[in-house]
Amino acid sequence: MRFYGLALVASAAVLGACGGSSDKAKDTTAAASTAAATPSTAAAAPAAGAVAKKPATGATVDVKMIGDDKGYRFEPADVKIHEGDAVRFTMVTGGPHNISFDPATISDPTAKAQLDANMDNKMAELSSPMLMNPNEQYVISFAGVKPGTYPFHCTPHLAMGMKGTVTVQ
Ligand SMILES: [Cu+2]
């Protein structure tokens, strides 16, 4: 006798798959930004422009602007003048150089405005243009600039100590 025991184990593997994809209607609202062309209201009202340039009436003192193997410097770095004199800066070597007074060092607003007015072709307040080539000159009148000490520097070479002072006696 043969006895066949057949055990059928049906294991139902239930795979629960939850793949619910909800369609979301994307509402793209294009915000039409109507950027109104704002006219550049550059109010060309020079408040300090009321100060007129005053030409020098006295002596002219020369200062050389030098950059060589000894460093960058004004020569002489510290000059003493009288009100009404002018300082003539001459580019010698190692340019570009410029002459820039730090507005923060001039506490008197009248002196600051007059000195600024006396400077031609400025890059910024109290800052001369760059002198690129040998023998280029820049003259600053100190007419109307009251007595005091006015520190200045060369913007490109300030970190290398190229600075000086003009003392109006
Ligand atoms: Cu310089």
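Residues numbered from 1 in each chain as written. Predicted model: local features only at pLDDT ≥ 70, side-chain atom pairs only at ≥ 80, totals over all residues. Heavy atoms only, no water.

Draft legend 1. View of the coordination of the copper ion. Protein coordination at the copper ion: the donors are H97 (ND1), C154 (SG), H157 (ND1) and M162 (SD), at 2.0 to 2.6 Å from the metal. Taken together, the four donor atoms coordinating the copper ion and their angles of 90 to 132° define a geometry best described as tetrahedral. Sequence positions of the donors to the copper ion reduce to the motif H-x56-C-x2-H-x4-M. Each member of the pair, C154 together with M162, is buried. (Donors = N, O, S within 2.8 Å, 3.2 Å for Na, K, Ca; no water. Tetrahedral: all angles 85-135°; square planar, octahedral: opposite > 155°, others 65-115°. Buried < 20%, exposed > 50% of the residue type's maximum accessible area, 1.4 Å probe, protein only.)

Draft legend 2. Structural detail: the pattern of salt bridges. Applying the stated criterion across every chain yields a total of six salt bridges. Close ionic contact of K53 with D120 constitutes a salt bridge, the shortest N to O distance being 2.8 Å. Linking K53 in the segment before β1 (60-68) with D120 in the loop between α1 (109-117) and β6 (137-141), this pair joins segments that are 67 residues apart in sequence. Note that D62 and R88 form a salt bridge whose closest N and O atoms lie 2.7 Å from each other. Of the two residues, D62 sits in strand β1 while R88 sits in strand β4 (residues 86-91), which places them 26 residues apart along the sequence. Taken together, the salt bridges that share partners define one network made up of D68, R73 and E75. (Salt bridge = Lys/Arg side-chain N within 4 Å of Asp/Glu carboxyl O. Helix = DSSP H or I, 4+ residues; strand = E, 2+ residues; numbered from the N terminus.)

Draft legend 3. View of the nonpolar core. Ranked by size, the top nonpolar core spans 26 residues in total, and within it F101 and F142 carry the most contacts. Within the residue set of this core, elements represented by two or more residues are β1, β3 (78-81), β4, α1, β6, β7 (148-153) and β8 (163-168). Looking at which element gives the most residues to this core, the answer is β4, with three residues. In this view, F142 contacts I81, E83, G84, D85, A86, V87, F101, L115, N118, Y150, V166 and V168; residues no more than four positions away in its chain are not counted. (Core = buried A, V, L, I, M, F, W, Y, C linked by side-chain atoms within 4.5 Å. Contact = heavy atoms within 4.5 Å.)

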